[in-house]
Amino acid sequence: MSDVRHVLVLPDRDAAEEVVQALGERFGVVEEPRLVRDALAGEDDAEDAQWLVVLRDEEERLDPGELDRFAGEWEGWREEP
C-alpha cells in the first residue's frame, strides 16, 4: 500500500468544510479528510489564510484531475506534490 495524499487548497473555512462534506458524496471518501489552516508567512489575519483539505488515497483510486475540477467549484485547486 502506498502513502498517496491529495491536498486541496480552498479560499476559506466555509468552502473547506463544504468540500469535506461533499467528498463523501461525490467520491465515496469514507475516512474524513484533515482540515488545516495555512496562514501565509507573517500573516495572522484569518482573511489571509487558506484552508487545506488533506485526504489519503492509499489505493490510488481518486483521479487528480477530477479532484482539481472538484476543488475549483469552490474557487480552490489541488496542490501538485
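Residues numbered from 1 in each chain as written. Predicted model: local features only at pLDDT ≥ 70, side-chain atom pairs only at ≥ 80, totals over all residues. Heavy atoms only, no water.

*Asks:* Please give an account of the side chain of D57 that cites residues and values.
*Replies:* Among the secondary structure elements, D57 is positioned in the loop between β3 (49–56) and α2 (64–72). Lacking a salt bridge, the buried D57 has R61 as its closest oppositely charged neighbour, with an N-O distance of 5.1 Å. In this structure the side chain of D57 is engaged in a polar contact, spanning 3.1 Å, whose partner is the backbone nitrogen of L62. (Helix = DSSP H or I, 4+ residues; strand = E, 2+ residues; numbered from the N terminus. Buried < 20%, exposed > 50% of the residue type's maximum accessible area, 1.4 Å probe, protein only. Lys, Arg positive; Asp, Glu negative; His and termini not counted. Salt bridge = Lys/Arg side-chain N within 4 Å of Asp/Glu carboxyl O. Polar contact = N/O pair within 3.5 Å; in protein donor to acceptor, adjacent residues only side chain to side chain.)

*Asks:* Let's hear about the nonpolar core: which residues, and what values?
*Replies:* Soluble globular proteins tend to bury their nonpolar side chains together. Ranked by size, the top nonpolar core spans 18 residues in total, and within it L8, L10, V19, L23, V53 and F70 carry the most contacts. Mapped by element, the contributors of at least two residues to this core are β1 (5–10), α1 (13–27), β3 and α2. Here this core gets seven residues from one element, more than from any other, and that element is α1. If near-sequence neighbours (up to four positions away) are discounted, V19 is found in contact with L8, L10, V53, F70 and W74. (Core = buried A, V, L, I, M, F, W, Y, C linked by side-chain atoms within 4.5 Å. Contact = heavy atoms within 4.5 Å.)

No statement about biological role is implied by the geometric values presented.
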